[in-house]
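Here are the chains, one letter per residue:
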Amino acid sequence: MKEAQVICRNIIKHSLFIALCLIAMPIAAVDTGVLDVGAIAGEGWKLEGVNVAVIGLNQKKPQFLLSATKLTLPKPFNDFTLANIYCNDFTWNHDEVDCKQGRASVRSVYWQSPATNFSFRLGPKLNRLKLEDARLAGSRLSLYVETDAENWQCQFSAKHIDNRLVDKLFQANAPKPKSVKLEPANKKHGKLNLTGTVSGKRNIMQAFSILAEVEGLTDQAEDGKVATEKLNLLMQFDGKKTKDDDWDWRSESKMLGGALYVDPVYLEVGAQPITLNAKGNWNNLTKQADVQLFAYKHPGVGILTGNGAAYYRNGIKVDKANVTLQSETLQGLLNTYINPFFTESPFTGVTVAGNLQANFSFIKQALTDTSINFSRLQVKDEAGRLAIKEGTGAINWSDDPIQVKQSDLAWQWLTIKGLPLDSAKLRFTSQGNHFSLAEKVKLPLLGGSIAIDKFSWQGKKQDEPDVSFAGSVDNVSLEALSKTLGWTPLLGNISGRIPGIDYNDKILRLDGELLIRVFDGKIKVNQLAATGLFTDFPKVFSDVEVENLDLDQLTRKFEFGNITGRLTGFINKLVLENWHPVTFFAWLGTPDNDGSRHRISQKAVKNIASIGGGGASDLLSRSFLGFFETFGYDKIGVGCYLHNGVCQMMGLEAAGQGYYLIKGGGLPRIDVLGYNPQVNWDVLVERLGRVTESDKVIVQ
């Protein structure tokens, strides 16, 4: 085939020479000759509609001119053609056609250009084509194509591609929602510069190097999920084929200025550029990308590095990945990359500072290994939920149930919901979905301490976890605790022992007796159980025993009124539904053989009488007893059996049509009777709320 083409070209060439000579011999005055050649073809290329003209036949060096209707190039450039070709510097020597200067228009399914400057050299092996100042989307395109036997190369440069083409790229494959607020057309602007080299063998690309420069781009995708404002971006992308279906690639991107929004993250360039560099391998057959290394650097926020592998089958799927995050500006990390993913972020109003390094490993898009280290952690919350000073820690975890990972947390100062915890350190272990405290710990709290003897957490797939806890509270100031929690200020200290609490199969159970030492007495909780704690309708069951509480400590700070003496009682068969009592049997009163001083203030007498519907208020206002601030009493006692929203009231003993709530003793003495045998529970709670209102609490 090649030999036939060579013979054809030689025949045409010699025929042209003979014809021109014959024309020139009889008429010496004729200076120009024209020959319709038809077509000239070479290895993969073809010139059609060829006309050759000779000017200056009577000169020593006549000028050859060439015109053609179409030039088709070898594969893989066969879609690319030149039309309306005119060459005014043309030579044809042996097997080569050489046009050093010409004009032609460009035709392609991808783009078209009006007449542009070009040059080409066509031969049996080496072919070259050069375009200058071709038009592409308002830009000036320069193109150089060279084929040498089976090898080929293409170099291109397009300067200042206008925003119309860039906007088309933005809108490509974007869904068109019914209602999206888009930027007006006159507000979309920007330029794109492209330069690069592509090379290959036969019809197959072997290597490429492309540089894209975006200048001042303001645009928005139709779905609103991607947008830019005055974006300046530089991107370099290189690739080289190593095997039949394998490519080694490398990319470098620099966001030099402006802003970029990729739902839901908004990035704005500061004094230094935001960069993303990566390299790896791509297999075109398996559609898998191996990322040997990537590095994303956001100055003033953090650095993300790592490696991994992903594949494209009905979307991008991560096969494996190892990622390292470093940050010395945690506030920027929180505001830029964490808060935007929440409609109402739990970190609103939170300021954070410190150093962080975290490593994450993923397999099949699932987290398999984590290591998080932080130091000099400072946290402040405007809502008062959490505060940390000089926090340090190392949190390690693996989903492998065989591996045991050690972790620790420490702080100089910590507050949770306003509760201050002084300097302490926690050590715990993780093993798969199981977490447990590695050693017992005692945490300083409000002049006392909280001891955690046991804590474990066992995660379950598609179910609530199993949790176990045991510990104690020792000598914590009630006055400081109540003040911190916003309660009515109380006196004394609180201590208690929690032998064990287990949460299994959505049921909370108390293992043994919960003992609380408070108000110089004891409160014991037994048979504690709860279901549906994390639902909209939790239920709680318990028996409570009150033993020898100091009424002076209990009532001194309440608007209810002061009482001295001791208090003992119980709340049995307690059932709470959605944290509201539905049934119980309760009794609270003066213990037998109580040798303490028994005094009750006038205000307390009135308030107790109002609970049972007694007439003590009238008696005090209509008699000399109203002049006394306190009264002696022998016993106080009140009971309630709650059922179906009604409290069946009880007192110390029957008294005519009523029952004793206070039985007087000493001087001056007063008896308080209750006359309502049944009280609506909601009404009773309202009464108690009024008489215990602490808006005017006296703090000494």
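These lines cover the structure that appears in this document, whether it is placed above or below. (Residues numbered from 1 in each chain as written. Predicted model: local features only at pLDDT ≥ 70, side-chain atom pairs only at ≥ 80, totals over all residues. Heavy atoms only, no water.)

## With respect to the state of the cysteines
Thinking step 1. For the structure on display, the rule yields two disulfides.
Thinking step 2. In this model, Cys-87 is linked to Cys-99 through a disulfide, with the two sulfur atoms separated by 1.9 Å. The sign of the 115 degrees torsion about the S-S bond sets the Cys-87-Cys-99 disulfide as right-handed. With Cys-87 in strand β4 (residues 81–93) and Cys-99 in strand β5 (residues 96–107), the pair connects residues that are 12 residues apart, well separated along the chain. Residue Cys-87 shares its accessibility class with Cys-99, and that shared class is buried.
Thinking step 3. Sequence-ordered numbering of the bonded cysteines in the protein yields a pairing of 1-2, 3-4. (Disulfide = S-S within 2.5 Å. Helix = DSSP H or I, 4+ residues; strand = E, 2+ residues; numbered from the N terminus. Buried < 20%, exposed > 50% of the residue type's maximum accessible area, 1.4 Å probe, protein only.)

## Regarding the packing of aromatic side chains
Thinking step 1. In total, this model carries nine aromatic pairs according to the counting rule given.
Thinking step 2. Arranged with centres 5.5 Å apart and planes meeting at 10 degrees, the rings of Phe-118 and Phe-120 form a pair that is stacked.
Thinking step 3. Judged by centre distance (5.4 Å) and plane angle (50 degrees), the rings of Phe-208 and Phe-237 are tilted. Separated by 29 residues along the polypeptide, Phe-208 in strand β11 (residues 204–220) and Phe-237 in strand β12 (residues 226–241) bring together distant segments of the chain.
Thinking step 4. A connected cluster of aromatic rings, assembled from ring pairs, spans Phe-208, Phe-237, Trp-247 and Trp-249.
Thinking step 5. Sitting above the plane of the Trp-413 ring, Lys-389 keeps its charged end 5.1 Å from the centroid.
Thinking step 6. Across from the ring centre of Tyr-660, 5.2 Å away, lies the NZ or CZ of Lys-663, which sits over that ring. (Phe/Tyr/Trp six-rings, centres within 6.5 Å; stacked < 30°, edge-to-face > 60°. Lys NZ or Arg CZ within 6 Å of the ring centre and 35° of its normal.)

## Re helix α3 (residues 330–338)
Thinking step 1. Of the residues making up α3, those classed as buried are Leu-330, Gly-332, Leu-333, Leu-334 and Thr-336.
Thinking step 2. Considering only its buried residues, α3 is in contact with β14 (265–268), β16 (288–298), β18 (316–327), β19 (350–363) and β20 (366–381). (Contact = heavy atoms within 4.5 Å.)

## Details of the environment of Ile-523
Thinking step 1. Note that Ile-523 resides in strand β31 (residues 521–531).
Thinking step 2. Separated by 26 residues in sequence, Ile-523 and Leu-549 have C-alpha atoms that sit 8.4 Å apart.
Thinking step 3. The residues contacting Ile-523, other than those within four sequence positions of it, are Leu-514, Leu-515, Ile-516, Val-518, Val-544, Glu-545 and Leu-549.

## Focus: the pairing of strand β10 (residues 189–201)
Walk down a regular strand and you will see the side chains alternate between the two sheet faces.
Thinking step 1. Examined bridge by bridge, strand β9 (residues 151–161) and β10 share nine bridges and lie antiparallel to one another. Bridge pairing in β10 places Ala-158 opposite Leu-194.
Thinking step 2. Pairing analysis gives 12 bridges linking β10 to β11, with the strands arranged antiparallel. Directly across from Ser-199, in β11, lies its bridge partner Ala-207.
Thinking step 3. Remark: two residues form the turn of the hairpin made by β10 and β11, two consecutive strands paired antiparallel; Arg-202 in that turn has positive phi of roughly 55 degrees. (Pairing = 2+ DSSP bridges.)

## Quick word on unusual backbone geometry
Thinking step 1. Following Asp-263, the chain continues into Pro-264 via a peptide bond in cis, with omega recorded as 5 degrees.
Thinking step 2. Looking at where Pro-264 falls in the secondary structure, it is placed in the loop between β13 (246–262) and β14.
Thinking step 3. Not every positive phi belongs to a glycine, and Lys-230 is a case in point at roughly 50 degrees.
Thinking step 4. Relative to the assigned elements, Lys-230 resides in strand β12.

## With respect to the pattern of salt bridges
Any two side chains of opposite charge can pair, so long as their charged atoms come close to each other.
Thinking step 1. One pass over the structure, following the stated rule, counts 17 salt bridges.
Thinking step 2. A salt bridge links Lys-130 to Glu-132, with the shortest nitrogen-to-oxygen separation between them at 3.4 Å.
Thinking step 3. Look at Lys-130 and you get partly exposed, because its relative accessible area is 38%.
Thinking step 4. Take Glu-132: its relative accessible area is 35%, and that puts it in the partly exposed class.
Thinking step 5. Counted as one network, the salt bridges with shared partners bring together Glu-150, Lys-201 and Arg-202. (Salt bridge = Lys/Arg side-chain N within 4 Å of Asp/Glu carboxyl O.)

## Things to note about the nonpolar core
Thinking step 1. In this structure, Trp-411, Leu-443, Ile-563, Ile-600 and Ile-662 are the most contacted members of the largest nonpolar core, which totals 70 residues.
Thinking step 2. Looking at which element gives the most residues to this core, the answer is strand β36 (residues 630–643), with five residues.
Thinking step 3. With near-sequence residues (within four places) excluded, Ile-563 lies in contact with Leu-551, Asp-552, Thr-555, Arg-599, Ile-600, Ala-604, Ile-608, Tyr-633 and Ile-636. (Core = buried A, V, L, I, M, F, W, Y, C linked by side-chain atoms within 4.5 Å.)

Limitation: the analysis is restricted to geometry and does not speak to function.
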